[in-house]
Amino acid sequence: MPLNSKIPAGPLESKWKTYKSTCKLVNPANKRQLEIIVIGTGLAGASAAASLGEMGYKVKAFCFQDSPRRAHSIAAQGGINAAKNYQNDGDSTYRLFYDTVKGGDYRAREGNVYRLAEVSASIIDQCVAQGVPFAREYGGLLSNRSFGGTQVQRTFYAAGQTGQQLLIGAYQALERQVALGNVEMFSRHEMMEVVKIDGVARGIIARNLVTGELERHFGHAVLLCSGGYGNVFYLSTNAMGSNVSAAWKAHKQGAFFGNPCFTQIHPTCIPVSGDHQSKLTLMSESLRNDGRIWVPKQKGDNRKATDIPEEERDYYLERRYPAFGNLVPRDVASRAAKERCDEGYGVGASKMAVYLDFAAAIMRYGKIEANKQGQHNADAAAIRTLGEAVVKEKYGNLFEMYEKITGEDPYKVPMRIYPAVHYTMGGLWVDYELMTTVPGLYALGEANFSDHGANRLGASALMQGLADGYFVIPYTMGNNLADDIRTKAIPTDHAAFVAAEKEVSDRINELMGIKGNTSVEAFHKKLGKIMWEKCGMARNAKGLTEAIAEIQALKKEFWSDVRIPGDINEFNPELDKAGRVADFIELGELMCKDALNRNESCGGHFREEYQTPDGEAMRQDDLYSYVAAWEYKGDSQEELHKEELIFDVVHPSQRSYK
């Protein structure tokens, strides 16, 4: 089927304005008759549920955690982008749009990205009004810092806990609507299936995770705000519960999956320390503002970092990318770290790490502070003390976290970092209105294939989640529901609900009936190993072909040998996890197929066969300037549909940060 992205006609800068001025509206009395289901209560879900409740819709919000405040958005550290140009350093809506399209290696839709840049400024105003404690300059104005892939300071932040503060803001807005009775909150509930009636999404089957009971819920529309699928790699920076199941169930019901192979590897994570680990910890990209990344110039150098003199250090990002230095985009920084470690220059016990060093920044800030205090002849020790206090103010909780995990004091010795799986740019395909290929089913935030192309610039995830929830979905959903106001609530004893519930129940019984010998965790680990080694930071045709066969074999093994203790009708986290890992296995196969099909390198998708002589990603715009949208056709069967990407304003060129 031809994919219609529904991008409005007209000049780029007026598309969204024109859309808002001409879309259909639902009047307040009719909104009270319409029921909306929201899956997930992170930034996208909480902001959408709060906004729609405020507008008068009847909203049901679902999360599998015990509280919406436990959504994984809480873990975001470094900041949120917005084109407010507070620093007067040349930023603009156009420049944020341009940086995002370029940063995504020209694999994103211009219309969506421009809209994101346009509404970014409103997000900051909204969050300040909610009381989000953004950092401020000495004069009281909001402070900004830089993130990778930009040459301006446009990232608003709250120390190293921006996601937490933004989520609390959205959560308070949500809880206000819960208290007013406009939103009904279902925590400890997992969406198990989308219910379609006459081809339109009209509800869900949810499982109460405490009792094991299945429930039917009707909605005139269903919004999936269930996050990304980085945990397909087992080890990632995602929360342990983060999964793909809601999106995958929608995919099996006809929602196309867009660009599944576009995975973001974050360059500044605490390295893996052994097989006992079940997740990785991120060190915010904001640290690259002041930290300098280096490795020894000599292979296998086992000296302490502090014993290696300046002239024997290779600040390889500054050497290779002088224009951006340590602030190159994440995919570029990650590959550069991998290349140095693969060549034998890695540090630490595993030799799979590089240094992130704050010594120069501490001394620089210390000198400024000493001058402020009139101490023009302060000695090095005094300057260091003053500098550490400034760094503590900016990044303190991140330094504490690093010390707790590693036992090393990053004020005294450089941090050791290595890339790890972080964010997924792929997700359910959506049009300009955020609707999937299933009418009435929307995907917001990281759950959709998003506005980031093949690579997300840092501090864009929070921006996209809140843009979708606060500023986009209230218009686009209304435009479609205006034609639905005569549809009465459909009783949940309708045949479609009964059939969907039976399907869910049968699948759960099948899982419980296997009674094999291998734990769910063991299967997840095996899958993660295949994915990281063959569909991770670098991919090639041979490895991807092997991975597809290995994952198919793993799937057979899973459905014949998984061991799930406990019962169905009780609190059973192993059963919950088994369903999610079963979905991850199927998704992993599709990711490898997508990566094998895309014979080019772009952003986070690095095919070893397609690179420039100096090791940079080599796109093939004449062949692959499209969104790959996959349609589920049955077990291991997927059909590829292409949405051609048209660039009217930013013309694709070789991405250079040199």
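Residues numbered from 1 in each chain as written. Predicted model: local features only at pLDDT ≥ 70, side-chain atom pairs only at ≥ 80, totals over all residues. Heavy atoms only, no water.

A.B. asks: Tell me what's going on with the sheet that holds strand β6 (residues 189-197), and back it up with residues and numbers.
C.D. replies: Taken in spatial order, the three strands line up as β6-β7-β8 in an open sheet, and their pairing is antiparallel. Only two strands of the sheet have a single neighbouring strand rather than two, namely β6 and β8 (214-218). Here the strands of the sheet are splayed against their neighbours by 25° on average, with no regard to which way each runs. In the sheet, strand β7 (residues 200-208) pairs with β8 via five bridges, with the strands oriented antiparallel. From the neighbouring strand, I205 faces β8, where its bridge partner is R216. Sitting on the sheet, helix α13 (residues 495-514) is in contact with β6, β7 and β8, with an inclination near 140° to β6. (Pairing = 2+ DSSP bridges. Helix = DSSP H or I, 4+ residues; strand = E, 2+ residues; numbered from the N terminus. Axes fitted to C-alpha atoms, helices over the stretch in contact; angles between N-to-C directions. Contact = heavy atoms within 4.5 Å.)

A.B. asks: Help me get a handle on the domain arrangement of the chain, residues and values and all.
C.D. replies: Buried accessible area, meaning the area lost when the parts come together, often serves as the stated size of an interface. As assigned here, the chain comprises domain 1 (266-421) and domain 2 (498-620). One C-alpha centre belongs to domain 1, the other to domain 2; they are set 34 Å apart. Each side of the interface is counted separately: domain 1 has eleven residues, and domain 2 has eleven residues. For the domain 1 face of the interface with domain 2, the top three residues by lost area are D331, R335 and K338, together amounting to 50%. In this structure, E616 engages R320 in a salt bridge whose closest nitrogen and oxygen atoms are separated by 3.1 Å. Run the count over domain 1 and domain 2 and you get four residue pairs in polar contact (both at pLDDT 80 or more). At the level of elements, α9 (330-342) and β15 (415-424) are the ones that each hand at least two residues to the side of domain 1 that touches domain 2. Considering each element in turn, the side of domain 1 that touches domain 2 owes the most residues, four residues, to α9. Per-class residue counts for the side of domain 1 that touches domain 2 are four nonpolar, two polar and five charged. (Domains from an automatic or database assignment. Buried area = accessible area lost by both parts, 1.4 Å probe. Salt bridge = Lys/Arg side-chain N within 4 Å of Asp/Glu carboxyl O. Polar contact = N/O pair within 3.5 Å; in protein donor to acceptor, adjacent residues only side chain to side chain. Nonpolar A, V, L, I, M, F, W, Y, C, P; charged D, E, K, R; others polar.)

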